[in-house]
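# Summary of structural features
Each chain, written out:
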Amino acid sequence: MRSLLFVPGDAPRKLEKGLASGADALLLDLEDSVAIDNKPKAREIVSEYLNANIGKKERPRLFVRVNALDTGMTDADLDIVIAARPDGILFPKSRHGGDVTHLDAKLTAREALHDINEGSTRILVLVTESAQALFGLHNYRGSSKRLDGMTWGAEDLAADLGAETNRNERGDYTDPFRLARAQCLFAAVAAEVAPIDTIYPNFRDAEGLKRETREGRRDGFTGKMAIHPDQVPVINEIYTPSTEEIAKAQRLIAAFETAGNAGVISLDGQMYDQPHLKRAQRLLARIAK
Ligand code: COA
Ligand code: MG
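Reference entry: report on the structure contained in this document. (Residues numbered from 1 in each chain as written. Chains lettered and ligands numbered in written order. Predicted model: local features only at pLDDT ≥ 70, side-chain atom pairs only at ≥ 80, totals over all residues. Heavy atoms only, no water.)

## A short note on the coordination of the magnesium ion (ligand 2)
Those donors, D32 (OD) and D156 (OD), are the protein atoms that reach the magnesium ion (ligand 2), and they lie 2.0 Å from it. Of this pair, D32 sits in the loop between β2 (25–29) and α2 (39–53) while D156 sits in helix α5 (residues 155–161), placing them 124 residues apart in sequence. With relative accessibility at 45%, the residue D32 sits in the partly exposed group. Overall, D156 belongs to the partly exposed group, its relative accessible area being 21%. (Donors = N, O, S within 2.8 Å, 3.2 Å for Na, K, Ca; no water. Helix = DSSP H or I, 4+ residues; strand = E, 2+ residues; numbered from the N terminus. Buried < 20%, exposed > 50% of the residue type's maximum accessible area, 1.4 Å probe, protein only.)

## A look at the pairing of strand β6 (residues 147–151)
By the criterion of burial, β6 is predominantly enclosed, with four of the five residues buried. Examined bridge by bridge, strand β5 (residues 122–126) and β6 share four bridges and lie parallel to one another. Of the residues in β6, the one forming a bridge with I123 is L147. Relative to strand β7 (residues 194–197), β6 is paired through three bridges, and the arrangement is parallel. The partner of T151 across the bridge, within β7, is I196. (Pairing = 2+ DSSP bridges.)

## Brief notes about the packing of aromatic side chains
In total, this model carries one aromatic pair according to the counting rule given. Centroid distance W152 to Y173: 5.2 Å. Interplanar angle 65 degrees. Geometry classified as edge-to-face. Residue W152 is found in the loop between β6 and α5, and its partner Y173 is found in the loop between α5 and α6 (175–190); the two are separated by 21 residues along the sequence. Given the relative accessible area of 0%, W152 is considered buried. The cationic tip of R167 hangs over the ring face of Y173; the distance from NZ or CZ to the ring centre is 4.0 Å. (Phe/Tyr/Trp six-rings, centres within 6.5 Å; stacked < 30°, edge-to-face > 60°. Lys NZ or Arg CZ within 6 Å of the ring centre and 35° of its normal.)

## Considering the side chain of N53
When you line up the elements, N53 lands in helix α2. With a relative accessible area of 3%, N53 lands in the buried category. Looking at N53, its side chain comes within polar contact range of the main-chain oxygen of Y49, at 2.9 Å. There is a polar contact of 2.6 Å between the side chain of N53 and the side chain of K56. Residues contacting N53, with those up to four places away along its chain left out, are L19, R59 and L62. (Polar contact = N/O pair within 3.5 Å; in protein donor to acceptor, adjacent residues only side chain to side chain. Contact = heavy atoms within 4.5 Å.)

## Thoughts on the site of ligand 1
Taken together, the neighbourhood of ligand 1 is formed by 17 residues, with F6, R13, K14, I227 and H228 sitting nearest. A distance of 2.8 Å separates a nitrogen atom of ligand 1 from a polar backbone atom of F6. Taking R204, its side chain carries an N or O atom lying 3.0 Å from an oxygen atom of ligand 1. When ligand 1 sits alone it has 890 Å² of accessible area, and the protein chains cover 67% of it. Breaking the shell around ligand 1 down by element, the ones donating at least two residues are β1 (3–8) and α1 (12–19). Per-class residue counts for the shell around ligand 1 are eight nonpolar, three polar and six charged. (Near = heavy atom within 4 Å. Areas by Shrake-Rupley, 256 points an atom, 1.4 Å probe, with all protein chains shown as cover. Nonpolar A, V, L, I, M, F, W, Y, C, P; charged D, E, K, R; others polar.)

This is the structure we're talking about:
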């Protein structure tokens, strides 16, 4: 998944637009973009929307962002939406792998209730939304077989820290948030799930979005969340490997094979060893999905 577009769960017009946005996934939000009084209504709208769209062949993957465990609303969200068979749940404000295991159990019970194959509801998790969460990043690996991706958030973390801002005058993240970003990346790779970069909130600033998306890709993220449909094509383009990159990866793998799977080879005057081979294999695996 290259692009994952947030859509407020109580906004039917945006939900409709999301389908045609070109996003690889929609994040149907019941959490921060929905006011507290509107939660019951949003659950109904999202559930109807899933029922209407989940059976379609050509559609983005549909994830529901539920409310966090400590709100006491997670069960009510799941009770309504799991019956409508979303592809997965985006789980906010997770504190550690144990929270994901807890969600996994809640999903298992509801899958049984609705005769849904156990484990088919996937999990994406937001892992940096509080200071506490940054100390719980070590045990996501193996927390649930459902876990497909990890992503991070800078807005809730800023609120938790009491930070005045999370970006400097140039628009780049300040140190605490750069640390959170890097830790999410490490944790996702360690857990063998997709590292997904956070949103770029200034949705009229296409240049800033491009820069930040390229930086994410450079560092190893494999996709980025979005908040506005205009951001989707930019993210898709940057996270789609170019034909040159694919050809280069194929050529490198072929050269290793020709060399009898040697540990190190030379190609066009450059040294390539196992990390280069692994990177090439990963790139091809990503486009095969
Ligand atoms: N998904 C689908 N469609 C969206 C959309 C989204 N996230 N954001 C905007 N649109 C639609 C609008 O409905 C509008 O369509 P219309 O003119 O046919 O009605 C069109 O795209 C252009 O929208 P625009 O006027 O540029 O933006 P806006 O001022 O209406 O909305 C936001 C700005 C930020 C409120 C809106 O983009 C949004 O709700 N984003 C998601 C917020 C969210 O989920 N946050 C939680 C995670 S951080
Ligand atoms: Mg939030």
